[in-house]
Each structure stands twice: as C-alpha cells, then as structure tokens.
Amino acid sequence: MDFLNDNVDKLNFKKNIYDVLTSHDINSVHDLWCLKRKELKDWGLRDSEIKDVVIALQLLGLDLNKKKYR
C-alpha cells in the first residue's frame, strides 16, 4: 500500500476539511487512516464532511480506525 505515504491533498478534499486536517498535523493518508470518527467530530468536522473523508478512504480500500477492505 504505497499510497499510505501520499499526502492528504491528493484526496482532493474541500479546503475546510484540508485545513482542519493539516492544523492537527494530519499530512499523510496513513495519519488520516489511523483516526477515529470521534476525533474528526471533536475537531469540528460536520457529519457530511466526515462522510467525504470516509468515501475518499473507501475508494482506496480503507476506512477510519485502520480498517482495510482489500
């Protein structure tokens, strides 16, 4: 899974999602993959924004909390 080291900007999130992630030092797909939904919620992301994050990860065969689908 070489894409785990890719930067989160490759996931093409909206600016506000990207800003929240980078303000909490989430820079790689691996950093994002390790998070839990509650953490994203606590950081101020809305449910619809968290859903966008989940969908982007699922397209890679991943999900929050280190889940894999491949």
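Computed from a predicted structure; not experimentally measured.

Each value, and the rule that gives it
Counting of residues starts from 1 at the beginning of each chain's written sequence and follows it residue by residue. For this predicted model, a pLDDT threshold of at least 70 governs which residues receive local features, and a threshold of 80 or more governs which side-chain atom pairs are given and counted, while totals over whole chains, interfaces and linings are taken from all residues. Side-chain calculation: all heavy atoms of the structure are included, whereas hydrogens and water are not. Helix numbers and strand numbers start at the N terminus; a helix is a DSSP run of H or I with at least 4 residues, a strand a run of E with at least 2. Each residue is assigned to one of three classes by its accessible area relative to the maximum for its type, calculated with a 1.4 Å probe on protein chains only: buried under 20%, partly exposed between the two thresholds, exposed over 50%. Here the accessible surface of atoms and residues is derived via Shrake-Rupley with a 1.4 Å probe, and residues count as covered only by protein chains that are part of the display. Positive: Lys, Arg. Negative: Asp, Glu. His and the chain ends are not part of the count. Taken as the charge centre is NZ of Lys, CZ of Arg, CG of Asp or CD of Glu, depending on the residue. What makes a nonpolar core is a set of buried Ala, Val, Leu, Ile, Met, Phe, Trp, Tyr and Cys residues whose side-chain atoms join them at distances within 4.5 Å. Two residues form a contact once any of their heavy atoms are found within 4.5 Å. Take a side-chain nitrogen of Lys or Arg and a carboxyl oxygen of Asp or Glu: if they are within 4 Å of each other, that pair is a salt bridge.

1. Some words on the overall build of the chain
A tally of regular secondary structure across the chain gives 4 helices and 2 strands. With the principal axes as the frame, the chain shows a C-alpha extent of 30 × 20 × 15 Å. The buried share of the chain, taken over its 70 residues, is 39%. Counting only carbon and sulfur atoms, one obtains 47% of the accessible surface of the chain, whose full area is about 4,500 Å². Separation between the mean location of the 13 positive side-chain charges and that of the 12 negative ones in the chain comes to 6 Å.

2. Notes on the nonpolar core
Core analysis: the biggest nonpolar cluster contains 23 residues, and Phe13, Leu32, Leu40, Val53, Leu62 and Leu64 have the highest contact counts within it. Examining the composition of this core, we find that 5 residues originate from one element, helix α4 (residues 47-58), more than from any other. Setting aside chain neighbours within four positions, we find phenylalanine 13 in contact with Val8, Tyr18, Leu21, Leu32, Asp52, Val53 and Ala56.

3. A short note on the side chain of glutamate 49
Here glutamate 49 is to be found in helix α4. By relative accessible area, which is 5% here, glutamate 49 ends up buried. Contact partners of glutamate 49, with chain neighbours within four places excluded, come to Asn16, Ile17 and Gly44.

4. Description of the pattern of salt bridges
By the definition in use, this model includes 5 salt bridges. Ionic pairing is found between lysine 41 and aspartate 47, a salt bridge with its closest N-O pair at 2.9 Å.

5. Side note on the environment of asparagine 27
Here asparagine 27 is to be found in the loop between α1 (15-23) and α2 (29-33). For asparagine 27, a relative accessible area of 38% corresponds to the partly exposed category. Between the C-alpha atoms of asparagine 27 and aspartate 6, which are 21 residues apart in sequence, the distance is 8.4 Å. Contact partners of asparagine 27, with chain neighbours within four places excluded, come to Asp6, Asn7, Val8 and Thr22.

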